[in-house]
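Residue strings, one per chain:
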Amino acid sequence: ADNAVPHDGWEGGLQYLADFSGLGIGAMFGFKHADGADMLKILGQPESDIEVWKASGRITYQGFALGGGWLRQSSGLAAANTSIKGSSWIVSAAYTTDAWGIGTGYFDGHSEDLVNVAGKDEHDKWIVEGKYVLGPGVDLVGALFGFDLDAEGTALQAATGVGNGTDNDGWGAIAGVKMSF
């Protein structure tokens, strides 16, 4: 018996990759299952087993790339009365020519979190990034990114002053040299 963590899991997926005269197409679909921690089942916690569905796709053509993905966690518990059920999606676009590259992306996710509290955790992220190849294996890279995390109960707390939700948001920038050997 494993009382602390999910166990006895399996995962499967299908992937398709093709190139049609320079048009690249990729698609993936997958499923994962793991038995929930035995202690959660003993405590009578429903939906302790973890089940995840996911899909993604990508199209490329002459330096342009467009991609996206979706994930749905239909069941699962992190601890007693703490659900990890939720969903997320992501979309990205990029362009690369010669030594230059630029890209952008957006992520949106939601999870149930505390079973006995109304609402859900909400998480959004965005990024704009660029690179310049200085030489073989040496890239100058930089990005500007932001995020917004609203824990369940945040709207109730803002409206009434009652609740335990937190709101965490911000942005950042990074620049550096990436080296590959």
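Look up: the structure comes first, before these words.
Conventions used here
- Residues numbered from 1 in each chain as written.
- Predicted model: local features only at pLDDT ≥ 70, side-chain atom pairs only at ≥ 80, totals over all residues.
- Heavy atoms only, no water.
- Salt bridge = Lys/Arg side-chain N within 4 Å of Asp/Glu carboxyl O.
- Helix = DSSP H or I, 4+ residues; strand = E, 2+ residues; numbered from the N terminus.
- Buried < 20%, exposed > 50% of the residue type's maximum accessible area, 1.4 Å probe, protein only.
- Pairing = 2+ DSSP bridges.
- Phe/Tyr/Trp six-rings, centres within 6.5 Å; stacked < 30°, edge-to-face > 60°.
- Lys NZ or Arg CZ within 6 Å of the ring centre and 35° of its normal.
- Polar contact = N/O pair within 3.5 Å; in protein donor to acceptor, adjacent residues only side chain to side chain.
- Contact = heavy atoms within 4.5 Å.
- Lys, Arg positive; Asp, Glu negative; His and termini not counted.

### Quick notes on the pattern of salt bridges
This model, assessed by the stated rule, comprises 1 salt bridge. For Glu11, the salt bridge goes to Lys54, with nearest N and O atoms at 2.5 Å. Placement of Glu11 in strand E1 (residues 7-20) and of Lys54 in strand E3 (residues 50-61) is noted, with a sequence separation of 43 residues between them. Accessibility expressed as a relative area gives 46% for Glu11, which makes it partly exposed.

### Looking at the pairing of strand E2 (residues 23-35)
For E1 and E2, the ladder comprises 12 bridges, and the chain directions are antiparallel. Residue pairing across strands places Glu11 opposite Lys32, the latter belonging to E2. Taking the residues that link successive antiparallel strands as the turn, the E1-E2 hairpin has 2 residues, and the phi of Ser21 there is positive, at about 50°. In terms of strand pairing, E2 meets E3 through 12 bridges, oriented antiparallel. Pairing of Ala27 across the sheet is with Gly57, part of E3.

### Considerations on the packing of aromatic side chains
Tallied over the full model, the rule gives 6 aromatic pairs. Pairing Trp89 with Tyr106 gives two aromatic rings, centres 5.4 Å apart and planes at 50°, and the pair type is tilted. One end of the pair, Trp89, is in strand E6 (residues 82-97); the other, Tyr106, is in strand E7 (residues 100-114), with 17 residues separating them in the sequence. For Trp89, a relative accessible area of 39% gives the class partly exposed. Under the relative-accessibility criterion, Tyr106 is labelled partly exposed at 31%. Of the aromatic side chains, those joined through ring pairs into one cluster are Trp10, Phe29, Phe31 and Trp53. One cation-aromatic arrangement involves Lys125 over Phe107; the distance from NZ or CZ to the ring centre is 5.3 Å.

### Some thoughts on the side chain of His33
Tracing the backbone through its elements, the reader meets His33 in strand E2. Classification of His33 as buried rests on a relative accessible area of 14%. A polar contact is formed between the side chain of His33 and the backbone oxygen of Ile50, at a distance of 3.5 Å. The contacts of His33, once residues within four sequence positions are left out, are Asp8, Gly9, Trp10, Asp49, Ile50 and Glu51.

### Quick word on unusual backbone geometry
Even without being glycine, Gln62 reaches a positive phi, approximately 45°. Backbone geometry places Asp98, a non-glycine residue, at a positive phi of 45°. Locating Asp98 in the fold gives a position in the loop between E6 and E7.

### Side note on the side chain of Asp108
In this structure, Asp108 sits in strand E7. Despite its burial, Asp108 pairs with no opposite charge, the nearest such side chain being Lys120 at 8.0 Å. Within the structure, the side chain of Asp108 is placed 2.9 Å from the side chain of His110, a separation counted as a polar contact. Setting aside residues up to four positions removed in sequence, Asp108 forms contacts with Ser87, Ser88, Trp89, His123 and Asp124.

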